[in-house]
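# Structural overview
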Amino acid sequence: MRISVYVPFLVSALLALLAPRPARRLAPRPAAWALACAALVTAAGWTASLAMLAFTGVAQIPQVAAEGHWSVRAVRAADPVHLTVAAGSALLLAVSLVLFAVAALRHLRHVAQARRECARLPGDTELAVVDDDVPLAFALAGTPGRIVVSRGMLRCLDDDERGALLAHERAHLNARHHRFQTLWRLTAAVNPLLRPLVDTGAYVLERWADEEAAARVGDRTVVARAVGRAALASARASRPSVLAATGGVVPQRVRALLAPPPTRRTLPFVAGALLLVLCFVSLADAASDSDEMVDSAKRVQCAAHGAHATAATAVTDHRDQRHDVCRGSRGTVTSSGRTMYSRAVRACT
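Definitions and cut-offs
- Within each chain, residue numbers correspond to sequence positions counted from 1 in written order.
- Predicted model: local features are reported for residues with pLDDT of at least 70 only, side-chain atom pairs are reported and counted for 80 or more only, and whole-chain, interface and lining totals are derived from all residues.
- Where side-chain values are given, they derive from all heavy atoms of the structure, hydrogens and water being excluded.
- For the purposes of this entry, the term helix denotes a DSSP run of H or I that reaches at least four residues, the term strand denotes a run of E that reaches at least two, and both are numbered from the N terminus.
- Categorising residues by exposure relies on relative accessible area from a 1.4 Å probe, with only protein chains included: less than 20% of the type maximum marks a residue as buried, more than 50% marks it as exposed, and the intermediate range marks it as partly exposed.
- The criterion used for residue contact is that any of the two residues' heavy atoms lie within 4.5 Å.
- Working definition of accessibility: Shrake-Rupley area with a 1.4 Å probe, residue cover restricted to the visible protein chains.
- For Phe, Tyr and Trp, rings pair up if their centres lie within 6.5 Å, where Trp contributes its six-membered ring, and each pair is then called stacked (planes under 30 degrees apart), edge-to-face (over 60) or tilted (otherwise).
- Values of pLDDT, ranging from 0 to 100, describe the predictor's confidence in every residue of the model.

### Observations concerning the overall build of the chain
Each helix and strand counted, the chain has 14 helices and 3 strands in total. Every one of the 349 residues in the chain was classed for burial, and the buried ones make up 40%. Counting only contacts in the chain whose residues sit at least 6 apart along the sequence, the fraction spanning at least 24 positions is 73%. For the chain, the computed accessible surface area is about 19600 Å², with 61% contributed by carbon and sulfur atoms.

Dropping the structure here:
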């Protein structure tokens, strides 16, 4: 536990520093899944490591040790974590859990708002055209999801570009991209080192929808032109949406669409998988060491209780033996044995 408990922190920092650049260049669909797995594993590792570090300090509280039936001295001797580190970990863990709760409540509020907006939209089909001159186009996640496009946006695009725009937004809904966003936001709330993955993930999702639209339309240039024109038209819109064709870094998306489709590369995914395996193995090793520390402290406490019980039993037996001698001696006193009685009384006192 000396080193292994800190490995998840190192893995989180490495992923936050190294993952964004290759994720923007890889095939977007596997990149999105890889970022989701990385965020989930590292957030769990971050929380578990903080919990184990905090436990080393909590375990040294006498009241907690009494409830757990382990020795405080044994815990202090077996664990090298300083009390300052344990206290800081406990505070950071509490802050992380509070931020997670706030992010979860905010997400639930957004879900409720999305459902209300879906209910207010005209019609009951997937596509909802709103009578608004402001160019808008976005996917509204709900039950079911809706594609919202304004008449102002439709007037800015030709027929092919409109088809590409709708294919892009439909890809957001079909692939449930809002779930990826929710995962990244919640994990970033728990682990602040993962915050760079939120922006990277948003870009990757837009690229994913771009590639799906290009495959659906059959012309990458048309999709690139639709993305560029939609972004220029909605530059002054006051109602941006996360799952929108105008989201992400538009120039980079246009350049990627004008280039050939990205090839699948395995080396970055293998390297990321190795980091996640290292995080998991280190976490398991730290948990095993923590469990062994508690078991050892319990054995020490049990041995101490056994020694006290043995000593108390010995004292009790000695007193009982002396009492029996007194009673026997007094019971056998006669007129001819006063000397033996006196010696027995002196032995009892």
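### Points about unusual backbone geometry
Negative phi is the rule for most residues except glycine; trans is the rule for most peptide bonds. We note that Arg-176 has phi near 55°; this positive angle belongs to a residue other than glycine. Along the chain, Arg-176 falls in the loop between helix 8 (159-174) and helix 9 (177-190).

### Here's the deal with the side chain of Ser-4
With respect to the helices and strands, Ser-4 occurs in the segment before helix 1 (7-18). A residue is classified by how much of its surface remains accessible, and Ser-4, at 9% relative accessible area, is buried. Sequence-distant contacts of Ser-4, that is, excluding residues within four places in its chain, are made with Ser-282, Asp-285, Ala-286 and Asp-289.

### Notes on the packing of aromatic side chains
The geometry of an aromatic ring pair is captured by two quantities: the separation of the ring centres and the angle between the planes. Scanning the model with the defined rule gives 6 aromatic pairs in all. Between the aromatic rings of Phe-55 and Trp-70, the centroid separation amounts to 5.9 Å while the plane-to-plane angle is 70°, which identifies the pairing as edge-to-face. Residue Phe-55 is located in helix 3 (residues 28-58), and its partner Trp-70 is located in the loop between helix 4 (62-68) and helix 5 (72-78); the two are separated by 15 residues in the primary sequence. For Phe-55, a relative accessible area of 26% gives the class partly exposed. Clustering of aromatic rings is evident, with ring pairs tying together Trp-33, Phe-180, Trp-184 and Trp-208.

### Here we look at the confidence of the model for the chain
Per-residue pLDDT for the chain has a mean of 83; in total, 82% of the residues score no lower than 70. Low pLDDT (under 50) marks residues 329-349, which in the prediction has 9 contacts with non-local residues, meaning those over four places away or in another chain.

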